Amino acid sequence: MQSKATTVKQYLDELPEDRKEPITKLRQQILDNLPKGVEETMSYGMLGYVIPHSVYPQGYHCNTKLPLPFMNLASQKNFIAVYSMVIYSKQEVMDWFTAEYAKRCKYKLDMGKSCMRFKKMDDIPFDLIGELTAKVSAEEWINIYETTIKK
């Protein structure tokens, strides 16, 4: 469910009432822990956190006109999604996250390759998402990306 919003403010303003508070809290955790060199923007119809071309001129290999994705946050039809390219690319971060999630949350983790889906708004581990955001620097993410994804 991609938004047609062109700005972060527009995206936030268009959220359903029951999603405004959890998205706002998640967004704040991400912003508070965002590594230097990562910027917030709209990306793929979601809130996007990217390495801009000013930091990584090569851009995203799938479309070099786009900045390098780092993380996304979205309100989907039946859940809130957090997408982490670092979890997808670095097994030790995936292992850390899944272990910490199990310690902090009462419901089973609903997760794809890079996507964590939260259907129960009262069981979102906001602090853990903040910690995940800060887990690697922009420079380390670029290195991971160049050595494991962009081949």
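My aim in this report is to walk through the structure given alongside it, one point at a time. Just so it is clear, the model here is predicted, and its values are computed rather than measured.

This part is about the side chain of Lys 90. With respect to the secondary-structure elements, Lys 90 resides in the loop between helix H3 (85–89) and helix H4 (91–104). The buried category is assigned to Lys 90, whose relative accessible area is 17%. Within the local environment of Lys 90, its side chain forms a polar contact with the side chain of Glu 140, the two groups lying 2.5 Å apart. If sequence neighbours within four positions are ignored, Lys 90 has contacts with Val 136, Glu 140 and Ile 144.

Think of a sheet as strands paired side by side through backbone hydrogen bonds, with each pair either parallel or antiparallel. Taken together, six strands build an open sheet; the order of strands is E1-E2-E3-E4-E6-E5 and the sheet is antiparallel. Each edge of the open sheet is held by one strand with a lone partner, namely strand E1 (39–43) and strand E5 (110–111). The pairing of E1 with strand E2 (residues 46–51) spans five bridges and is classified as antiparallel. Within E2, the position partnered with Met 42 by the bridge is Leu 47. The sheet contacts of helix H5 (residues 126–133) involve strand E3 (68–75), strand E4 (80–84) and strand E6 (115–118), and relative to E3 the element is tilted by about 165°.

As a further point, take the packing of aromatic side chains. Applying the stated criterion to the full structure yields six aromatic pairs. Judged by centre distance (6.4 Å) and plane angle (40°), the rings of Tyr 60 and Tyr 145 are tilted. Of this pair, Tyr 60 sits in the loop between E2 and E3 while Tyr 145 is found in helix H6 (residues 138–149), placing the two residues 85 residues apart along the sequence. Neither residue differs from the other here; Tyr 60 and Tyr 145 are each classed as buried. Each residue in the set Tyr 56, Tyr 60, Trp 141 and Tyr 145 is aromatic and connected to the rest through ring pairs, giving one cluster. In this structure, Lys 120 packs its charged tip against the face of Tyr 107, placed 5.0 Å from the ring centre.

Next up on the list: the environment of Met 121. Inspection of the secondary structure assignment puts Met 121 in the loop between E6 and H5. Judged by its relative accessible area of 24%, Met 121 is partly exposed. Taking the C-alpha atoms as reference points, Met 121 and Glu 21, 100 residues apart in sequence, are found 9.2 Å from one another. The residues touching Met 121, leaving out its near neighbours within four places in the chain, are Asp 18, Arg 19, Pro 22, Ile 80 and Phe 126.

As a further point, take the packing of helix H2 (residues 17–33) against H5. One way to put it is that H2 packs onto H5 with a least axis distance of 8 Å and a crossing angle of 30°. For the pair H2 and H5, the sense of crossing is right-handed. Contacts from Pro 22, Lys 25, Leu 26, Gln 29, Ile 30 and Asn 33 of H2 reach H5 at Phe 126, Asp 127, Ile 129, Gly 130 and Thr 133. The residue inventory of the contact of H2 with H5, partitioned by class, reads five nonpolar, four polar and two charged.

About the cut-offs
Residues numbered from 1 in each chain as written. Predicted model: local features only at pLDDT ≥ 70, side-chain atom pairs only at ≥ 80, totals over all residues. Heavy atoms only, no water. Helix = DSSP H or I, 4+ residues; strand = E, 2+ residues; numbered from the N terminus. Buried < 20%, exposed > 50% of the residue type's maximum accessible area, 1.4 Å probe, protein only. Polar contact = N/O pair within 3.5 Å; in protein donor to acceptor, adjacent residues only side chain to side chain. Contact = heavy atoms within 4.5 Å. Pairing = 2+ DSSP bridges. Axes fitted to C-alpha atoms, helices over the stretch in contact; angles between N-to-C directions. Phe/Tyr/Trp six-rings, centres within 6.5 Å; stacked < 30°, edge-to-face > 60°. Lys NZ or Arg CZ within 6 Å of the ring centre and 35° of its normal. Left-handed = near helix turned anticlockwise from the far one by under 90°. Nonpolar A, V, L, I, M, F, W, Y, C, P; charged D, E, K, R; others polar.

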